[in-house]
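Overview (structure and organization)
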Amino acid sequence: MSDIARLSGLTTGAVYSRWPNKRELFLAAVNHVAPVRMARLVGDEDTSATDRLVALSAYLFNTTEDQSCALFFEACVTARRNPEPTSEIAHVLEAEAKAFAAIIREGKATKAIDPELSTDALVLGCQALSLGLHLVVFLSAPDRQLPTADEWIGMFVRIIGSFSEPSEDALTDG
């Protein structure tokens, strides 16, 4: 708590007067960064669903620079170890899932995403990528060769392209 107070520019007493323990402080921090994280994850609502998913891939690739991702990942780990905060973390993940589902439904409506694909599976994939990529990049050895941002986005564009509804030509050719 003293480290948190120091980093926040507060006294330890000021922190304890607002949050009685680390758990309460941690949950308050998660609830504070959740809207910021969501805004970054769902992107600009005026762009197409596929463009938003591509922008998401760029954001995910740079998660080690974003402390909200680190905090959220830590919250998930904490909830795994201690069931007390699980419902609060589950609430944040559910809001995230709903936002992803809205993007995917939008993509399905415009045929950018095949309506036959499971929205639930695509949402889970987005969330798994979000947390998993952060973990892998954060824990990678300093000498590990990671792809460039352009290489990552290029791969992700191809993956997103595979979500589109097959054309009539593709169906009759294969």
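See the structure above.
Attention now moves to the overall build of the protein chain. Counting its regular elements, the protein chain contains nine helices and zero strands. Start at the N end of the protein chain and walk to the C end: the helices and strands fall as α-α-α-α-α-α-α-α-α. Across the 174 residues of the protein chain, 33% fall into the buried class. Considering only contacts in the protein chain between residues 6 or more positions apart, those separated by 24 or more positions represent 65%. Roughly 10500 Å² of accessible area belongs to the protein chain as shown, and the carbon and sulfur atoms make up 57% of that amount.

Once that is clear, we can look at the nonpolar core. Ranked by size, the top nonpolar core spans 23 residues in total, and within it L53, L56 and V123 carry the most contacts. Listing elements by their share of this core, those giving two or more residues are α3 (22-42), α4 (49-61), α6 (86-109), α7 (119-139) and α8 (149-161). Ranked by size, the runner-up nonpolar core spans 12 residues in total, among them F26, L27, C76 and I89.

Moving on to the side chain of T119. For T119, the location among the structural elements is in helix α7. Assessed through its relative accessible area of 17%, T119 is described here as buried. Among residues more than four places away in sequence, those in contact with T119 are A101, I104 and K108.

Along its 21 residues, α7 runs 30 Å from first to last C-alpha, staying within 8% of the 30 Å computed at 1.5 Å per residue. Turning to α7, its buried residues number three or more, namely T119, L122, V123, C126, Q127, S130, L133, H134 and V137. The N-cap residue of α7 is S118: its side-chain oxygen and the backbone nitrogen of D120 are 3.3 Å apart.

We now examine a nonpolar patch on the surface. On the surface, L135, F138 and L139 cluster together into a nonpolar patch covering about 320 Å² of accessible area. Here L135 is to be found in helix α7.

Time to look at the pattern of salt bridges. This model, assessed by the stated rule, comprises one salt bridge. Across the salt bridge formed by R52 and E106, the nearest N and O atoms sit 2.9 Å from each other. A residue pair is termed long-range when its members are at least 10 positions apart, and R52 in helix α4 and E106 in helix α6 qualify at 54 residues. On the basis of relative accessibility, which here comes to 8%, the residue R52 falls in the buried class.

Right, let's get into the packing of α4 against α8. How two helices pack is summed up by the angle between their axes together with the distance between the axes. For the pair α4 and α8, interaxial distance at closest approach is 9 Å and the crossing angle is 145°. Between α4 and α8 lies a crossing of right-handed hand. Residues T50, L53, V54, S57, A58 and F61 of α4 form the contact with α8, whose participating residues are A149, W152, I153, F156, V157 and I160. Tallied by class, the residues present in the contact of α4 with α8 amount to 10 nonpolar, two polar and no charged.

Let's shift gears to α6. In this model, α6 (24 residues) spans 34 Å end to end at C-alpha, consistent with the 34 Å of a helix rising 1.5 Å per residue. Looking at α6, one finds that the buried residues are I89, V92, E96, A97, A99, F100, A101, I103, I104, G107 and K108. Just past α6, the residue K111 takes up positive phi, approximately 70°.

What counts, and at which threshold
Residues numbered from 1 in each chain as written. Predicted model: local features only at pLDDT ≥ 70, side-chain atom pairs only at ≥ 80, totals over all residues. Heavy atoms only, no water. Helix = DSSP H or I, 4+ residues; strand = E, 2+ residues; numbered from the N terminus. Buried < 20%, exposed > 50% of the residue type's maximum accessible area, 1.4 Å probe, protein only. Contact = heavy atoms within 4.5 Å. Areas by Shrake-Rupley, 256 points an atom, 1.4 Å probe, with all protein chains shown as cover. Core = buried A, V, L, I, M, F, W, Y, C linked by side-chain atoms within 4.5 Å. Expected span 1.5 Å × (residues − 1). Polar contact = N/O pair within 3.5 Å; in protein donor to acceptor, adjacent residues only side chain to side chain. Patch = residues over 30% accessible without salt bridge, like charges linked within 9 Å, V, L, I, M, F, W, Y side chains within 5 Å. Salt bridge = Lys/Arg side-chain N within 4 Å of Asp/Glu carboxyl O. Axes fitted to C-alpha atoms, helices over the stretch in contact; angles between N-to-C directions. Left-handed = near helix turned anticlockwise from the far one by under 90°. Nonpolar A, V, L, I, M, F, W, Y, C, P; charged D, E, K, R; others polar.

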